[in-house]
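# Per-entry structural report
Each chain, written out:
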Protein chains: 2
Amino acid sequence: MTESKRLHNDAADLKSLALALGLSQSTISRALRAHPGIPEATRRRVVAAADAAGYRPNARARSLATGRTETIGLVFPLQRLQLPETNFVDVLAGISTAVTARNYNLLLSPFEDDEAGVLRKLASSKSVDGVIITRPLVRDPRIALLNALRLPFVVHGRTEAQEPFSFVDTDNDNAFERLTNLLLDYGHRHIVVINGLAQFRYVAARAAAFERAFAARGLAAPLDAIEFVSMTEATGYETAMRRLADPEPPTAFLCGSVFQARGVYRALAQHGLAVGRDISVACHDDGVRGCSAMDLSPPLTATATSIRGAGEEIALILIDLIERKATAPVQKILPFELVLRNSVGLAKPSA
Amino acid sequence: MTESKRLHNDAADLKSLALALGLSQSTISRALRAHPGIPEATRRRVVAAADAAGYRPNARARSLATGRTETIGLVFPLQRLQLPETNFVDVLAGISTAVTARNYNLLLSPFEDDEAGVLRKLASSKSVDGVIITRPLVRDPRIALLNALRLPFVVHGRTEAQEPFSFVDTDNDNAFERLTNLLLDYGHRHIVVINGLAQFRYVAARAAAFERAFAARGLAAPLDAIEFVSMTEATGYETAMRRLADPEPPTAFLCGSVFQARGVYRALAQHGLAVGRDISVACHDDGVRGCSAMDLSPPLTATATSIRGAGEEIALILIDLIERKATAPVQKILPFELVLRNSVGLAKPSA
DNA sequence: CTGAAAGCGCTAACAT
DNA sequence: ATGTTAGCGCTTTCAG
């Protein structure tokens, strides 16, 4: 009977529990949330009855009363789920882990073009306690919007904003400086950087880091060193093929992602060039599932970070912000590790 | 002022609108939802005021009143987001597309081990109007549970259940029969099937289809023809290596997924066997992003379906069920297309 | 320690 | 055509 009642989902609400136990709704409510001032005995009695009835608070009613939903939103372009080469799923995996651990819900909010509209809607319909946004532009209008909406948020990545905001980002700047220095140490001067699309902040940061490394040695980075292209195997391949046809081809490639590096490897193979001996390749590796720098042959020297870990951090910080465990904006830059493998060798003397 | 009010999210609720317009809350509410009986003139006036104020109904309050959330849940093992080789993301992409089109929300509900608990919670906390579950077992207890909970649901995949339920599935049975027939037509008799794990219905169905194809010609499928292993490149490789070491190795491999087929290709390359000439390979291709039968070399003969399309269908059906546009359970089996490429050739006469 | 009552913001009968 | 009223199921003062 109890079982069938639970399964049939029949109004296991506070009112019926109160009736059955001869207590008031508020006592039940307090007992269930272990409020101070409820004697252990009644608390136990109430919890037992609630369990037996399969009671769970109605999330909507509770959140109407409390003003919180215990749900965070992830706002992203629908397209990011459709591309074969994306690190989005890894971020999502991290977020899911954190959300599960903290007992929050995750609302997926894909958009086709009107992201601001989605954000406004999430804020005013009060469906979430906070949101995660990704891939910030160099100057990103979403920051101001979200601050104005007073909706807690965390950005995956940094941006140049006047106002304060929380973010988690990989240490792209230093990673690229480190990679550039490595190549410089090996005697490379004619390096081609296969970077991402210029509108993103991290891409600009990487470009700057590259030039900084040269400047620090009193060198000037070669003109046209940096290619601003998308992060796919295909573009990596095409770009490498194009630059290998230069009158004076580079002695090293520095890639923004393992996807691009794969394409570069393919181009080099096609030119009969041995990676590490004839030409060097290094890249940044976000730890995307199934696309590791380690698995290329030869294994690829890379700065390694965990994009999934980043996703986890992002969600944890957002939840802290929501619960006011964090009060000021949290800005976290995740470390990387330089992993030396066999894809980098001494620069051959140029012809 | 209006703008700042909107941005600051200040109580743009029905009450304040009613006050400002000198109308009652219910009139505003009706006008906004274009109820019959509201004159066009007032409707326009109300809508204009609401727009100006940036009003959106509070989703929680609305759903508490209506009993619906316009949200569907996707319940899945957290792990499925972590594996490199998974078709889950493609299903998710399809679901996201449908949900966006129908103006629903998508609640992601990963679980670590207690799926039934998550389902119970979603049902009794009333956070979603319905759920999608995936990867049914041969006999799956979730069906009975969800029916008892009276929570609308759609399964991705079929199962043997007494009671009615809605599902969307690929036509695995006929796809595998077709593939088997193709190999038989080419004279293959000693075929090894690299199937999935036996607990899943579709795996059992594929095994049955394979044997049916043999039986239809008065042949008996070879003993030990079917390998029940996981769907990864690594297992494809290992299984192929093992079977190639048989005293009498197979003349063809039939794989359950492109992932496995990739592994098989690698094993064959290692044995110096030319696919299509020395040995044949065919597989089923779900249209997973970045893992297409078309992109292997030689391109792989396969039965092709769109797993993303399946995701889309699933969500659309669930929403129809919720909105009672569909009343009886909907059971949809998606077609496949046999795509002939160059990985299948005539069987070599056995030694 | 416990209960009564108000209220979260909306919808939907039920008036008028 | 519009307003009044009563919930939806919970939390939270405020009394006792």
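Residues numbered from 1 in each chain as written. Chains lettered and ligands numbered in written order. Predicted model: local features only at pLDDT ≥ 70, side-chain atom pairs only at ≥ 80, totals over all residues. Heavy atoms only, no water.

The name given to chain A in an unreviewed UniProt entry is HTH lacI-type domain-containing protein, with the source organism recorded as Bosea vaviloviae.

Moving on to the nonpolar core. The tendency in soluble globular proteins is for nonpolar side chains to be buried as a group. One finds Ile 72 of chain A together with Ile 72 of chain B to be the most contacted residues of the largest nonpolar core, which totals 58 residues. When neighbours within four sequence positions are excluded, Ile 72 of chain A is seen to be in contact with Val 99, Tyr 104, Asn 105, Leu 106, Leu 107, Val 128, Gly 130, Ile 132, Ala 315, Leu 318, Ile 319 and Ile 322 of chain A. Counting residues in each nonpolar core, the second largest holds 38 residues, with Val 155 of chain A together with Val 75, Leu 151 and Phe 167 of chain B among its members. (Core = buried A, V, L, I, M, F, W, Y, C linked by side-chain atoms within 4.5 Å. Buried < 20%, exposed > 50% of the residue type's maximum accessible area, 1.4 Å probe, protein only. Contact = heavy atoms within 4.5 Å.)

Domain boundaries assigned for chain A yield domain 1 (3-57), domain 2 (71-170 + 307-334) and domain 3 (172-304). Once you take the C-alpha centre of each, domain 1 of chain A and domain 2 of chain A turn out to be 36 Å apart. (Domains from an automatic or database assignment.)

Okay, the relation of the copies chain A and chain B next. If you rotate chain A by 180° and push it 0.0 Å along the axis, it lands on chain B with an RMSD of 0.1 Å. As the rotation angle and translation indicate, the two copies are arranged about a two-fold axis. Minimal C-alpha separation from the rotation axis in chain A is found for Leu 107 of chain A, amounting to 2.3 Å. Mapped onto chain B, 100% of the interface residues of chain A again fall at the interface, so both copies present the same surface. (Least-squares fit on C-alpha atoms with pLDDT ≥ 70 in both.)

Turning our eyes to something else, we now look at the sheet that holds strand E9 (residues 280-285) of chain B. Remark on secondary structure: sheet strands pair via backbone hydrogen bonds, oriented parallel or antiparallel. Residues and elements named next belong to chain B. Strand order across the open sheet formed by 6 strands is E7-E6-E8-E9-E10-E12, with mixed pairing between neighbours. Because the sheet does not close on itself, it has two edges, and the strands there are strand E7 (226-228) and strand E12 (337-339). Along the sheet, successive strands turn relative to each other by an average axial angle of 15°, direction set aside. Pairing geometry for strand E10 (residues 301-304) and E12, over 3 bridges, is antiparallel. Within E12, the position partnered with Ala 304 by the bridge is Glu 337. Its contacts with the sheet put helix H11 (residues 233-244) on strand E6 (191-195), E7 and strand E8 (252-255), and the angle it makes with E6 is roughly 155°. (Pairing = 2+ DSSP bridges. Helix = DSSP H or I, 4+ residues; strand = E, 2+ residues; numbered from the N terminus. Axes fitted to C-alpha atoms, helices over the stretch in contact; angles between N-to-C directions.)

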